[in-house]
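Topology and contacts: notes
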Amino acid sequence: MSRLVEDNVLLELNDVSTSFKISGQYYDAVSHVNLEVKKDEILAIVGESGCGKSTLATTIMGLHNPDVTHISGQVLFEGRDLLQFDEKGLNEVRGAKIGMIFQDPLSALNPLKRIEDQIKEVLDYHTEMTAKEKHDRVIELLDQVGIVNPERTANQFPHELSGGMRQRVIIAIAIACKPDIIIADEPTTALDVTIQAQILDVLRGIQRENHAGIILITHDLGVVAETAD
Ligand SMILES: Nc1ncnc2c1ncn2[C@@H]1O[C@H](COP(=O)(O)OP(=O)(O)O)[C@@H](O)[C@H]1O
Ligand SMILES: [Mg+2]
């Protein structure tokens, strides 16, 4: 049996480096990172602003333009190296098996679309659900992330929601297809302290219910102390 299966390791990074090309020269943003994420684990990545946390997340998700980025190492998921995947292969993994919660809860949502339609997009892409099943799943997800009146919120636009509610919606989108891994990039940074605590509770609840592995990116040691394994 491979190590990945044996130890419940979901994701393994071996010697991952990412550099950006600027004026014809490559500069390292991430250098030689090794880590593993297990099932049911919250792994925190901590560091000051600008140290390369988001770049590491987008490297795992395969979101870099190869023309201006050089990536080396291995990102092993289910025993296969995501760095070798083409766009089609990555699209099957992203959103379905690995969900990402982006840093900025406002810009991650489309201002012109109702919440329900934004959550349905990922279900449209990755599932064969009927319209009724999709609607029910949207309501279930909004409930799971702690939205008090899911039917009402489903019908609203992002600008009608508070920052905390928007972040809950972002999380609902990230977990819509029950991913094995959730990458949360500073999920609480833009929120005030009481809302931060609620959002961390939501993440812990999801980890317990879905048995996901979570990579929690933050520059806040208080968040780490409270949340990380
Ligand atoms: N697309 C890019 N092109 C060039 N430099 C970038 C790009 N994205 C990030 N950087 C640089 O890489 C470094 C790491 O950025 P980032 O990963 O966003 O840090 P963090 O998330 O830890 O605050 C920073 O110096 C940033 O300016
Ligand atoms: Mg960042």
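What this report covers is the structure whose coordinates are included nearby. Everything numeric here is computed off the predicted structure, so don't read it as measured data.

Next up on the list: the site of ligand 1. Close to ligand 1 lie Phe 20, Ala 29, Glu 48, Ser 49, Gly 50, Cys 51, Gly 52, Lys 53, Ser 54 and Thr 55, which account for all nearby residues. One of the backbone nitrogen or oxygen atoms of Lys 53 is found 2.8 Å away from an oxygen atom of ligand 1. Look at ligand 1: alone it shows 560 Å² of surface, and the protein chains cover 56% of it. In terms of residue count, helix H2 (residues 53–60) provides more of the shell around ligand 1 than any other element does, 3 residues in total.

Pairing analysis gives 10 bridges linking strand S1 (residues 9–22) to strand S2 (residues 25–38), with the strands arranged antiparallel. By the bridge assignment for S2, Glu 12 is matched with Glu 36. Count of turn residues in the S1/S2 antiparallel hairpin: 2 residues, of which Ser 23 carries a positive phi of about 45°.

Turning next to the layout of surface pockets. Size it by volume and the largest pocket reaches roughly 490 Å³. If you go around the largest pocket, you meet 19 residues; those closest to its centre are Met 100, Phe 102, Glu 121, Val 122 and Ile 173. Breaking the lining of the largest pocket down by element, the ones donating at least two residues are strand S6 (98–101), helix H4 (115–126) and helix H7 (163–175). Among the elements that line the lining of the largest pocket, the one with the most residues is H4, at 5 residues. Its residues assigned to classes, the lining of the largest pocket shows 11 nonpolar, 5 polar and 3 charged. The volume enclosed by the second largest pocket comes to roughly 320 Å³. Along the wall of the second largest pocket there are 18 residues; nearest its centre are Gly 62, His 64, Pro 66, Ile 71 and Leu 83.

All right, on to the environment of Leu 90 then. The topology assignment puts Leu 90 in helix H3 (residues 87–93). Along the chain, Leu 90 and Glu 36 lie 54 residues apart, while their C-alpha atoms are 20 Å from each other. The contacts of Leu 90, once residues within four sequence positions are left out, are Met 61, Gly 62, Leu 82 and Phe 85.

On to the sheet that holds strand S4 (residues 69–77), then. Strands sit in the order S2-S1-S4-S5 across an open sheet of 4 strands; the sheet is antiparallel. What marks the edges here is a single partner per strand, and that holds for S2 and strand S5 (80–81). With 2 bridges connecting them, S4 and S5 associate as antiparallel partners. Along S5, the bridge assignment pairs Leu 76 with Asp 81.

Definitions and cut-offs
- Residues numbered from 1 in each chain as written.
- Chains lettered and ligands numbered in written order.
- Predicted model: local features only at pLDDT ≥ 70, side-chain atom pairs only at ≥ 80, totals over all residues.
- Heavy atoms only, no water.
- Near = heavy atom within 4 Å.
- Polar contact = N/O pair within 3.5 Å; in protein donor to acceptor, adjacent residues only side chain to side chain.
- Areas by Shrake-Rupley, 256 points an atom, 1.4 Å probe, with all protein chains shown as cover.
- Helix = DSSP H or I, 4+ residues; strand = E, 2+ residues; numbered from the N terminus.
- Pairing = 2+ DSSP bridges.
- 1 Å grid on protein atoms, 1.4 Å probe; cavity = no way out; pocket = protein on both sides within 12 Å on 5 of 7 lines; lining within 4 Å.
- Points joined across faces, edges and corners; volume = space filled by probe spheres on them.
- Nonpolar A, V, L, I, M, F, W, Y, C, P; charged D, E, K, R; others polar.
- Contact = heavy atoms within 4.5 Å.

Scope: geometric values only; no functional claims are made or implied.
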